Structure formats: C-alpha cells, structure tokens
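# Observations on chain architecture
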Amino acid sequence: MIKGRVIQSTGSWYKVKANAELIESRLPGRFRLNEKEVTNPIAVGDWVDISMNDDGTGTIEEIEERRNYITRQATHGRRGEHVLVSNLDRAFVVQSIRKPKMKEGFIDRFLVTCEAYEVEASIIINKLDLATKNDAKYLEEVRDLYESLGYRVFTTSILDSDSLKPLKDVIAGNTTAFVGPSGVGKTSLLNTIDPNYSEKVGEVSSYSDKGKHTTTFAKLIEIENGGFIVDTPGIREFGLFNIEPWELSLYFPEMLEPRQQCKFNTCTHIHEPNCGVVAAFEEGLIDANRYNSYINMLESIED
Ligand SMILES: Nc1nc2c(ncn2[C@@H]2O[C@H](COP(=O)(O)OP(=O)(O)OP(=O)(O)O)[C@@H](O)[C@H]2O)c(=O)[nH]1
Ligand SMILES: [Mg+2]
Ligand SMILES: [Zn+2]
C-alpha cells in the first residue's frame, strides 16, 4: 500500500501524489454508498492509501481521518454537502475591491464555516490597484473590523509584488487554500506567488463584473519556497452546511461573550427577551453589518 495526498479530483479520477510520483487513481464504489450526504467522498487535500494496479493506476483503499476541512451546501439541486478541501493550516477567503466588487456576506459565511470546522481563516482583498481614493476609508474600516475579530486581512495586487510579501510569509511551509467568487484573482495570485506556474486565468466580464469560472477543479500546488496552495473554482454563494440556528452565534467571535447573558440557552438573538447579543448590538459592541450577516445566515438555515 502506498500513502499519498489527493492533489486534484475530477469526480471520477483522483490525482494522488505519492513521494514524487503522480498516480491516477480511482475510488471503489463502496465509498460512495457509505456517505450519502456527501457529493464527493474524497476531497483535494485528503491523505489516502492506494494499491497499485498492473496498468500503473491506483485504487484508493483507505482515507485518513481529516484533521479539518471546509465544506458547503451542495449546489445544482443536489442535497448534502460538498467538501471543498481538507487538511489545511489556513484558508483564505479571496475578494477583490472591484471587478467584481466585495461581498461581505460571502466573507462572513466563509468565516463562520471555518470557525465551525476549526480551520484558521484569513481574508485577502485583491486588485488593490483598482481601488479609488474613496475606497481607502472603506478598506480601513473592513481591516479594523475583521482584525478586531481576530482575522488577518491582506490587501494585495498582482501588479505590486511588495503587497504579496506578507501573504507569502504566512503561506510558506503551510497548506493553505484560496476560496472566493470567480474572477477575484485566486489563480492570478498563485501564478504571481510562484512564477513557475502559469495556470489559466480568465477575463472578468465588463458588462456584469463577474468572472467566467475559469478554474474548474480544485488543485493542490506545491510552491517554490515550500508550502502548498489549493486553488479552487469560483463560488457564487457560499451556503452553510449542517449548522443549527441555535449554534450559529458560536461562530461569531464577537457574540461569544454576550450570548452567555441570554435568558434562554436556545436564544437565536433576534426577538427573544433578555438577549445579551441584542443588548451588545444596541450598545454598539457588535458591528451592524456583521449582525445583518448573522440574521441573513440564520434565515437561510432556518428554511
Ligand atoms: N487589476 C488587477 N487585475 C487582476 C488582479 N488579480 C487578477 N486580476 C485579473 O482578474 C481576472 C480574473 O483572474 P483569475 O485569476 O482568473 O480569477 P479567479 O479568482 O481564479 O477566477 P475563477 O478561476 O473563475 O474562480 C484576470 O483578468 C486577471 O488578470 C489584480 O491584482 N489587479
Ligand atoms: Mg481561477
Ligand atoms: Zn440571545
């Protein structure tokens, strides 16, 4: 049996890197039967044991328990969850200041998932070269808000190599992932961080300001200064999976203390009497946009 790591998956084939070799591997049907609620039983980042076939392909026999992972609600009408990537030291939610414009709701959903699944999360705001004078104040507010909650914020532009230095430093030696909407520059960042790569990047439509979903499969890439980056396909909406209404506030760091003052331990912090979170919000201790994100998420998981 050979141990390796899944570096790419198309759904039927898995590329497994074992030592220095890339082995095209298949997954026996029994794995699919076991995990009905998952659209992909194997994710990029997984450690697996494979047995070798005569034709040089592999068969995945065993999956090592994941240290952590990022998951979201499956799309295209499928039920259950879709595991994006596993065994991470850190995950970056990538946004761009313009083209396409920032979606704070996306950031907040991603951060909640990372809190729930115990992945350290940071934020990248890319395309800083497209920021106008008026954006400066907004960027400062965003940085202050998220850093006060314990998340690092990196502002980058692929046209400014100095802006990438702090990012490179935290990536070195770790396994990290880039997750975000299409067109924000996830693949461009990767190509710039390690010039040995020239993965395909796509235009952003000038009409809709949306990317064209250029990256189609998640891919784990080893970079030259040591470390791995998982580039993932653009995501329109980051749907929460398997988070109950009563527990949602556990994944908002600023609500952890206030929620202890709530009268009811099933409090959802909306309409209940004697709610510590609402009290904290009214005192200005919880940011209005974050509280709004909380309400939006709560509504989406309640129905
Ligand atoms: N001005 C500017 N353009 C950028 C920057 N980073 C990326 N771009 C451009 O944004 C477009 C989309 O970049 P991609 O790297 O393909 O974006 P992506 O996030 O990988 O998109 P998907 O693979 O579709 O999810 C390309 O035209 C890039 O050249 C940046 O820092 N500044
Ligand atoms: Mg891409
Ligand atoms: Zn409450």
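The structure we're discussing is the one just above.
As a starting point, this report considers the structure included with it. (Residues numbered from 1 in each chain as written. Chains lettered and ligands numbered in written order. Predicted model: local features only at pLDDT ≥ 70, side-chain atom pairs only at ≥ 80, totals over all residues. Heavy atoms only, no water.)

A few words on the coordination of the zinc ion (ligand 3). At 2.0 to 2.3 Å from the zinc ion (ligand 3) lie its protein donor atoms, namely C262 (SG), C267 (SG), H269 (ND1) and C275 (SG). Geometry at the zinc ion (ligand 3) is tetrahedral, judged from its 4 donor atoms and the angles of 102 to 117° they form at the metal. Ordering the donors of the zinc ion (ligand 3) by residue number gives the pattern C-x4-C-x1-H-x5-C. For the pair H269 and C275, one class covers both residues: buried. (Donors = N, O, S within 2.8 Å, 3.2 Å for Na, K, Ca; no water. Tetrahedral: all angles 85-135°; square planar, octahedral: opposite > 155°, others 65-115°. Buried < 20%, exposed > 50% of the residue type's maximum accessible area, 1.4 Å probe, protein only.)

With that settled, the discussion passes to helix α5 (residues 186-193). Burial runs high along α5: 7 of the 8 residues are buried. Listed in full, the buried residues belonging to α5 are K186, T187, S188, L189, L190, N191 and I193. Against the buried residues of α5 lie β8 (90-96), β9 (121-126), α4 (161-171), β11 (175-179), β12 (219-222) and β13 (228-231). (Helix = DSSP H or I, 4+ residues; strand = E, 2+ residues; numbered from the N terminus. Contact = heavy atoms within 4.5 Å.)

On to the coordination of the magnesium ion (ligand 2), then. For the magnesium ion (ligand 2), the full set of protein donor atoms is T187 (OG1) and T215 (OG1), and the range of their distances to it is 2.0 to 2.1 Å. Here T187, found in helix α5, pairs with T215, found in the loop between α5 and β12; they are 28 residues apart in sequence, far enough to count as distant. A relative accessible area of 17% places T215 in the buried class.

The next point concerns the site of ligand 1. D129, S182, K186, S188 and T215 are the nearest of the 22 residues found near ligand 1. One nitrogen or oxygen atom from the main chain of G183 is found 2.9 Å from an oxygen atom belonging to ligand 1. Between ligand 1 and S188, the relevant distance is 2.5 Å, taken from an oxygen atom to a side-chain nitrogen or oxygen of the residue. Here ligand 1 loses 88% of its free accessible area of 660 Å² to cover by the protein chains. Per element, the largest residue contribution to the shell around ligand 1 is 3 residues, and it comes from α5. For the shell around ligand 1, a count of residues per class yields 7 nonpolar, 12 polar and 3 charged. (Near = heavy atom within 4 Å. Polar contact = N/O pair within 3.5 Å; in protein donor to acceptor, adjacent residues only side chain to side chain. Areas by Shrake-Rupley, 256 points an atom, 1.4 Å probe, with all protein chains shown as cover. Nonpolar A, V, L, I, M, F, W, Y, C, P; charged D, E, K, R; others polar.)

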